[in-house]
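# Chain and residue survey
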Amino acid sequence: MDKILDIDNVDLKIISLLNDDAKTPYTEIAKKVFVSSGTVHVRMRKLEDMGIVKSATLNIDFSKLGYDISAFLGIYLEKSSLYDNVIEKLKQITEVINAYYTTGNYSIFAKIICKDTNHLRTVLDNIQRVEGIDRTETLIVLEESINRPIQFFDK
């Protein structure tokens, strides 16, 4: 039986509340879901064991840390068989914060953050030197208008 079938509305409510703020105490979650905090703890452990919940993350405003430029990078590979090697090299470039294997024009679509345009140029030079990358296209972010988790229930 598929493990996804083992979750219910209580699990989804817990996920939804923690998606809004991963630092919410289990006691507060329990009150909102009408279960005990022990039940929330057990449910969370189950969701982690199932691989549904992978980790709790922070939502960081990188600009306040001096990283003023966010950009998306469309990466064309010389051959799709080079994907694994290229991804391993991109993992070594700390400014690459997300990378996706995609269909469409690009083989890889990545998000990078940089301090300024000089830093961006250096990062792009490093990425374009990766063996297996044919060329790249850079799209600089002007504004992030939406950044939210999926909602399982209307609020």
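Residues numbered from 1 in each chain as written. Predicted model: local features only at pLDDT ≥ 70, side-chain atom pairs only at ≥ 80, totals over all residues. Heavy atoms only, no water.

### Notes on the packing of aromatic side chains
Going by this rule: Working definition: rings of Phe, Tyr and Trp (its six-membered ring) pair if their centres are within 6.5 Å, and the pair is stacked with planes under 30 degrees apart, edge-to-face with planes over 60 apart, and tilted otherwise. Only DSSP runs of H or I with at least four residues qualify as helices, and only runs of E with at least two residues qualify as strands; both kinds are numbered from the N terminus onward. Three exposure classes are used, based on accessible area relative to the maximum for each residue type with a 1.4 Å probe and protein chains only: buried under 20%, partly exposed in between, and exposed over 50%.
As enumerated under the stated definition, the model contains four aromatic pairs in all. Taking 5.5 Å as the distance between ring centres and 10° as the angle between the ring planes, the aromatic pair formed by Phe72 and Phe109 counts as stacked. Note that Phe72 is positioned in strand E1 (residues 69–77) and Phe109 in strand E3 (residues 108–114), a separation of 37 residues in sequence. With a relative accessible area of 30%, Phe72 lands in the partly exposed category. Taking relative accessible area as the criterion, Phe109 reaches 25% and is therefore assigned partly exposed.

### Brief notes about the UniProt feature "domain: HTH asnC-type" (unreviewed entry) in the chain
Operational definition: UniProt positions are given in the numbering used here, feature names are shortened, and annotations may be inferred rather than shown by experiment.
UniProt marks residues 7–68 with the feature "domain: HTH asnC-type" (unreviewed entry), using the numbering shown here. Within residues 7–68, the helical portion is 53% and the strand portion 0%, while the C-alpha atoms at the span's ends are 41 Å from each other.

### Let's talk about the environment of Leu17
So the rule is basically this: Contacts: residue pairs with any heavy atoms within 4.5 Å of one another.
Secondary-structure assignment places Leu17 in helix H1 (residues 9–20). In this structure the C-alpha to C-alpha distance between Leu17 and Lys64, which are 47 residues apart in sequence, comes to 26 Å. Ignoring anything within four residues of it in the chain, the contact list for Leu17 reads Thr24, Ile29, Lys32 and Val33.

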